[in-house]
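A structural walkthrough
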Amino acid sequence: MDSSLTARKLSETDFVLAASPGYLAANGVPTRLSDLDTHACIVFAKGRERYPWSLKIRQETVSYVPHGSLITGDAEHIRAAVLCGLGISQVPFWLLAEEIRSGQVQVLLPDLQPEQVPIHLVYPAGRRVPMRVRVFIDYLVSAFKRPGL
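The following refers to the structure shown. It should be emphasised that the depicted structure is a prediction, and the values quoted were computed from it without experimental measurement. (Residues numbered from 1 in each chain as written. Predicted model: local features only at pLDDT ≥ 70, side-chain atom pairs only at ≥ 80, totals over all residues. Heavy atoms only, no water.)

Further remarks concern the overall build of the protein chain. A count of helical and extended segments in the protein chain gives 4 helices and 10 strands. For the protein chain, the N- to C-terminal ordering of α and β elements is β-β-α-β-β-β-β-β-α-β-α-β-β-α. Summarising its shape, the C-alpha atoms of the protein chain cover approximately 55 × 35 × 30 Å along the three principal directions. Within the span of the protein chain, comprising 149 residues, buried residues form 34% of the whole. Nonlocal contacts in the protein chain, meaning residues at least 24 apart in sequence, comprise 73% of its contacts between residues at least 6 apart. Entry remark: accessible area of the protein chain is about 9,500 Å², with carbon and sulfur atoms responsible for 54%. Looking at charge distribution, the protein chain has the averaged site of its 16 positive side-chain charges lying 9 Å from that of its 14 negative ones. (Helix = DSSP H or I, 4+ residues; strand = E, 2+ residues; numbered from the N terminus. Buried < 20%, exposed > 50% of the residue type's maximum accessible area, 1.4 Å probe, protein only. Contact = heavy atoms within 4.5 Å. Areas by Shrake-Rupley, 256 points an atom, 1.4 Å probe, with all protein chains shown as cover. Lys, Arg positive; Asp, Glu negative; His and termini not counted. Charge placed at Lys NZ, Arg CZ, Asp CG, Glu CD.)

Take a look at the structure:
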């Protein structure tokens, strides 16, 4: 990391595999990792590089490169595609939290979910951080505060 920057941990987030009930009714519910090979996956990518999904098998985290014809670098596109029933994707829980709670989206293979991923706030180091930026940093730290952090 650039030494002129400061990183402050705000929280952690879960990643989940998710799909709409409509997609699952039409295509079946995967019950193991190898089942994902036969499903339409909605893939996050930067340029042409697909980001692998991190999954936990026993105590080991493994990378799974999803297959799919829908590839995007935009989380909102992934969210919309899942909600429209276009396939399965691995997303941060917060991206579809309301829909998961309401039943519009179903979490898949919960036993394979990876460890939580930390969320950091990165800002310029030193005493010259403007007061409005420091106030905003303090607000975010407070807003993201979870027990145990």
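Our focus in this paragraph is the sheet that holds strand 4 (residues 49-50). On the basis of which strands lie adjacent, the open sheet formed by 3 strands has the order 4-3-7 and mixed pairing. Of all the strands in the sheet, the pair left with one neighbour each is strand 4 and strand 7 (70-72). Looking at chain direction, strand 3 (residues 42-46) and strand 4 are connected through 2 bridges and run antiparallel. Within strand 4, the residue paired with Ala45 across the bridge is Arg50. Relative to strand 3, helix 2 (residues 75-83) is tilted by about 170°, and along the sheet it contacts strand 3 and strand 7. (Pairing = 2+ DSSP bridges. Axes fitted to C-alpha atoms, helices over the stretch in contact; angles between N-to-C directions.)

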